[in-house]
Amino acid sequence: MQTTYIETQQISFQDFKNQILEDYKSGRVSREMSYLGRREVLTGKAKFGIFGDGKELPQLAMAKVFKNGDFRSGYYRDQTFALAVDALTVESFFAQLYADTSVEREPASAGRQMNGHFATRSLNGDGSWKDLTAQKNISSDISPTAGQMPRLLGLAQASKIYKSVTFEGSEKFSNGGNEIAFGTIGDASTAEGHFWETLNAACALQVPMIVSIWDDGYGISVPTMKQRAKADIAEMLSGFQRKEGEFQGCEIIQVKAWDYPALLDAYARAEQFARVESIPVVVHVIEVTQPQGHSTSGSHERYKNEERLAWESQFDGLVKFREWILNYSIEIDGKEEVLATAEELDAIEDEAKKTVKAGQKTAWESYQKTITDLVQAVLPLVENLKGQNSEIEGYIGQFNKLVSKAKKDVFHLIRKALLSTRGWGSQERSLLMQKYREIFEVEKDNYSSHLYSQSQWKAENIKEIKPVYSDASEDVDGRVVVRNNFDKIFEKYPETLVFGEDAGNIGDVNQGLEGMQEKYGDVRIADTGIREATILGQGIGLAMRGLRPIAEIQYLDYILYCLQGMSDDLATVQYRTKGGQKAPVIIRTRGHRLEGVWHSGSPMAGILNLSKGILVLVPRNLTKAAGFYNTMLQSDDPAVIVECLNGYRLKEKQPDNLGEFTVPVGKIEVTKEGSDVTLVTYGSTWRIVMEAAEALEKIGISAEVIDVQSLIPFDLTHEIAESVKKTNRLVVIDEDVEGGTSAFILQQILEKQKAFRYLDSDPLTIAANDHRPAYASDGDYFSKPSADDMVEKIYAMFNEANPQKYPAIF
């Protein structure tokens, strides 16, 4: 078991003195980074800057109780903390400010995130997990205010789960569940719903979590009193304070940002509560200053009065820390001992400035060398084309006049030169084209790689295992297939767990988890409160710590509550770390074709457009859904699997190889062969399309029906185009709104697969009306595509082509 900070603080005065002065040095280095970082932006060497000045002391105190295996989920003010736990260097700080695309120089995001967005690398180069218990961990930051909070819940809950769950390799992720998840947030962002939902859930679950609120009194220019019901968030949270003997609520500690010894005590107590007693803690750090204002985009003098600015100058944490050090003395063996003299502190400050300047210089030179090397490789090749087009000399002149050159300027020059010399077959042009292709591949990797997994475990690599049936295979309700498959999953993968509203005790609202909690316990099969955003957050955090969570969102309509987290956090994890972190969550939900405004929505286009980075799987029945779960649990990609809500009571033949068969992602299935028209659909609508296809057959139209099965990725082998090549007509049928998923599918088929070459009629989409269906079956019939709609609209295609053979219906 790990020890706490309190238990280890029996040290000599010399060690105590060394620690204090090391903290002062770290604080001064961080402050100088903020000062110089702002100057780098204002002189045009970086685009934008946002810094952590004023928050140095509380972050140094927090770092003292942050142990190997612990996780932080914070925001872009925590540079001092990142420095203190060796997750940041001066060089990497400035490399990120300059957007250096080198993973070695900028390991947090390889230049993909603006400065202040911290992360440690959880993965080896091949995408396998590192030993997370041997390092201090920072889950990759995101900018949306309070967006880091839901993930924090899962990071903390993982420790609680690891107290009772082990599996092969689990020692890489937890030391008996003794880790704490640390969250940080600005005080104004506590007005966001994600903050309250997360804290509420943490207090209910009793997870080891410490949330630090940096309270500087403003949200950019808006004072705290206009942000919340109470200016004092600790007072506002008083109802969350736990009562003795109850396993609910949290501890609330309030401390001043400039009071160094009080901060040490506050975080020591917070660690004791969280690490030893598994109690969530809120540390409300008040009287925080912000010496340079919110960011480089404006000045805080615009909204702070002279009195406030004077107070901030006086109560700057580093100013107060210096005063405390100079005033500290203690008598030991009759001799007065002091921590430092003013001259010694002056020397530390001077050294901090030199350290930061040297680090900035190294970072800038390394970044510039990347561009200089690119220019030196390209410019001579462009100059060799001067004799082939008179405009090229002008392009080179414009390029050379640029005071500061970026990669885009180099590429702009090449592309203008190639455009100007189009049609020329010279060797000089061929060499430039070859170089262009070479360097473009490098930049494509720098800026566009790792949206999805690139490891050996990516979903596309999981091989298909077909369901096995025998004479003994039973016809059962669809819910029984998925339930029995889950049983095999939970038996096979002890790291797998599922949680959601009504998922535990009653086995989900459609009984797809019936009996699972009784068999596998309430840690792995768990009920949650009604809080979709943090159900997703649990999934992200748990997956980041090596577990395999299935986060259940009860209905597809409700996924809108967690779409922000899907879009801003989960979908970008691998991308924003360039393969440094992953969170292979499976989001389980159900939807489509039911009754009622709030249980029949199909917001698939929204999910597709906002969640690139997450696989979107749309099985037509529960056997297919079960196969997708089996596939994704072998993969390290995140996915949303939409089960057919009206399929749980329909009969399906249960495979004999439950838990083993897989459905490949990105592979369509032809469910009915035909020769006259290709009908493309997915999910619950497939059954109605099949009904319509049979009706069309009776009136002389042979329809081929294709179930896409997987929207992301989509038909990787372009089989749909082959079908259109045969039938020469294409209809996309979808229950999303017009221009929704049907537009995406059409673009994939016509543009990417180039199936337009084979069409004898205009392509047709048949979608739902642009409103939610009214209640009852009549609402579905008149709002979403019915078999009658499909037959009539498809028949009209043939009427237009051959009205004599296919006379008009109406």
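For clarity, every value in this text was computed on a predicted model and none was experimentally measured.

A. Spatial organisation of the sheet that holds strand 24 (residues 764-768). With mixed pairing, the five strands of this open sheet are ordered in space as 19-21-20-23-24. Looking at the sheet topology across the chains shown, the edges are occupied by strand 19 (669-672) and strand 24. The average undirected angle you get between the axes of adjacent strands in this sheet is 25°. Pairing of strand 19 with strand 21 (residues 703-707) involves three bridges; the strand directions are antiparallel. Note that in strand 21 the partner of Val670 across the bridge is Ile706. Seen against the sheet, helix 23 (residues 719-727) touches strand 20 (677-681), strand 21 and strand 23 (730-737) and runs at an angle of roughly 150° to strand 20.

B. Representation of the pattern of salt bridges in the model. Counted under the stated rule, the structure contains 50 salt bridges. One salt bridge connects Asp23 with Lys64, and the closest N-O pair in it is separated by 3.0 Å. Here the residue Asp23 occupies a position in helix 1 (residues 13-42), and Lys64 occupies one in helix 2 (residues 56-64), the gap between them amounting to 41 residues. There is no split in this pair, since Asp23 and Lys64 are both buried. Ionic pairing is found between Glu514 and Arg479, a salt bridge with its closest N-O pair at 2.7 Å. One end of the pair, Glu514, is in the loop between strand 12 (496-500) and helix 16 (516-520); the other, Arg479, is in helix 15 (residues 478-492), and 35 residues separate them in sequence. Under the relative-accessibility criterion, Arg479 is labelled buried at 14%. In the salt-bridge network here, residues are joined through shared partners; they are Asp508, Glu552, Arg588, Arg590 and Glu643.

C. Focus on the environment of Val618. Note on placement: Val618 falls in the loop between strand 16 (615-617) and helix 21 (622-632). Considering only alpha carbons, one finds Val618 and Ala417, 201 residues apart in sequence, at a separation of 46 Å. Beyond its immediate sequence surroundings of up to four residues, Val618 is in contact with Met604, Val642, Tyr682, Gly683, Asp707, Val708, Gln709, Ser710 and Leu711.

D. The arrangement of the side chain of His194 in detail. Topologically, His194 is positioned in helix 6 (residues 193-205). Beyond its immediate stretch of four places on either side in the chain, His194 contacts Ala146, Gly147, Met149, Pro150, Ala533 and Gln564.

E. Looking closely at the pairing of strand 24. Here four bridges tie strand 23 to strand 24, and the two strands are oriented parallel to one another. When the bridges of strand 24 are listed, Ile733 appears paired with Ile766.

F. Quick peek at the pairing of strand 9 (residues 329-332). Where strand 9 meets strand 10 (residues 335-338), four bridges bridge the pair, whose relative direction is antiparallel. Bridge pairing in strand 10 links Ile332 to Lys335. Connecting strand 9 to the antiparallel partner strand 10 that follows it, the hairpin turn spans two residues, and Asp333 within it adopts a positive phi of roughly 55°.

G. Looking closely at the layout of surface pockets. Reported here for the largest pocket is a volume of approximately 590 Å³. Taken together, 25 residues line the largest pocket, and the ones lying closest to its centre are Lys47, Tyr98, Ala99, Tyr367 and Ala406. At the level of elements, helix 4 (90-97), helix 11 (342-383) and helix 13 (407-420) are the ones that each hand at least two residues to the lining of the largest pocket. Tallying contributions element by element places helix 11 first for the lining of the largest pocket, with four residues.

H. Here's a closer look at the sheet that holds strand 17 (residues 639-644). Read across the sheet, seven strands follow the order 13-12-14-15-17-16-22 without closing on themselves; strand pairing throughout is mixed. This sheet does not close on itself; its edge strands, each paired only once, are strand 13 (525-527) and strand 22 (710-712). Between one strand axis and the next, the sheet turns through 20° on average, direction left out of account. Pairing of strand 15 (residues 586-591) with strand 17 involves six bridges; the strand directions are parallel. Opposite Arg588, over in strand 17, you have Ile641 as the bridge partner.

I. Expanded view of the packing of helix 10 (residues 317-327) against helix 11. Between helix 10 and helix 11, the shortest axis-to-axis distance is 10 Å and the interhelical angle comes to 145°. Note on packing geometry: the crossing formed by helix 10 with helix 11 is right-handed. When helix 10 is examined against helix 11, the residues Arg322, Ile325 and Leu326 are found in contact with a partner set consisting of Ala342, Leu345, Asp346 and Glu349. Partitioned by chemical class, the residues of the contact of helix 10 with helix 11 number four nonpolar, no polar and three charged.

J. Spatial organisation of the packing of aromatic side chains. One pass over the full model with this rule turns up 34 aromatic pairs. It is Lys320 that lies over the ring of Trp258; its NZ or CZ is 5.3 Å from the centre. When the ring centre of Phe798 is taken as origin, the NZ or CZ atom of Arg729, which lies over that ring, is 4.7 Å away.

K. Structural view of the environment of Val165. Relative to the assigned elements, Val165 resides in the loop between helix 5 (149-162) and strand 3 (181-186). Separated by 11 residues in sequence, Val165 and Gly176 have C-alpha atoms that sit 9.1 Å apart. Look past the residues within four positions of Val165 in its chain and what remains in contact with it is Pro494, Val523 and Arg524.

L. Representation of helix 5 within the structure. Between its first and last C-alpha, helix 5 extends 21 Å over 14 residues, near the 20 Å set by a 1.5 Å rise per residue. Burial analysis of helix 5 places 13 of its 14 residues in the buried class, which makes it a mostly covered element.

M. Region of interest: unusual backbone geometry. That bond from Ile712 to Pro713 is cis: its omega, -5°, falls within 30 degrees of zero. Assignment of secondary structure puts Pro713 in the loop between strand 22 and helix 23. Although it is not a glycine, His450 sits at a positive phi angle of roughly 65°. On the secondary structure map, His450 appears in the loop between helix 14 (427-448) and strand 11 (475-477). Of note in the backbone geometry, Lys754 takes a positive phi value of approximately 55° without being a glycine. Relative to the helices and strands, Lys754 is located in the loop between helix 24 (741-752) and strand 24. Residue Lys754 is classed as partly exposed on the basis of its relative accessible area of 41%.

N. Representation of the environment of Tyr452 within the structure. Positionally, Tyr452 belongs in the loop between helix 14 and strand 11. A relative accessible area of 24% places Tyr452 in the partly exposed class. Separated by 163 residues in the primary sequence, Tyr452 and Leu615 have C-alpha atoms spaced 8.5 Å apart. Aside from chain neighbours lying at most four places away, what touches Tyr452 is Gln574, Lys612, Gly613, Ile614, Leu615, Asp637 and Ile712. Of the polar contacts made by the side chain of Tyr452, one reaches the backbone nitrogen of Gly613; its length is 3.0 Å.

The rules behind each value
Residues numbered from 1 in each chain as written. Predicted model: local features only at pLDDT ≥ 70, side-chain atom pairs only at ≥ 80, totals over all residues. Heavy atoms only, no water. Pairing = 2+ DSSP bridges. Helix = DSSP H or I, 4+ residues; strand = E, 2+ residues; numbered from the N terminus. Axes fitted to C-alpha atoms, helices over the stretch in contact; angles between N-to-C directions. Contact = heavy atoms within 4.5 Å. Salt bridge = Lys/Arg side-chain N within 4 Å of Asp/Glu carboxyl O. Buried < 20%, exposed > 50% of the residue type's maximum accessible area, 1.4 Å probe, protein only. 1 Å grid on protein atoms, 1.4 Å probe; cavity = no way out; pocket = protein on both sides within 12 Å on 5 of 7 lines; lining within 4 Å. Points joined across faces, edges and corners; volume = space filled by probe spheres on them. Left-handed = near helix turned anticlockwise from the far one by under 90°. Nonpolar A, V, L, I, M, F, W, Y, C, P; charged D, E, K, R; others polar. Phe/Tyr/Trp six-rings, centres within 6.5 Å; stacked < 30°, edge-to-face > 60°. Lys NZ or Arg CZ within 6 Å of the ring centre and 35° of its normal. Expected span 1.5 Å × (residues − 1). Polar contact = N/O pair within 3.5 Å; in protein donor to acceptor, adjacent residues only side chain to side chain.

Scope: geometric values only; no functional claims are made or implied.
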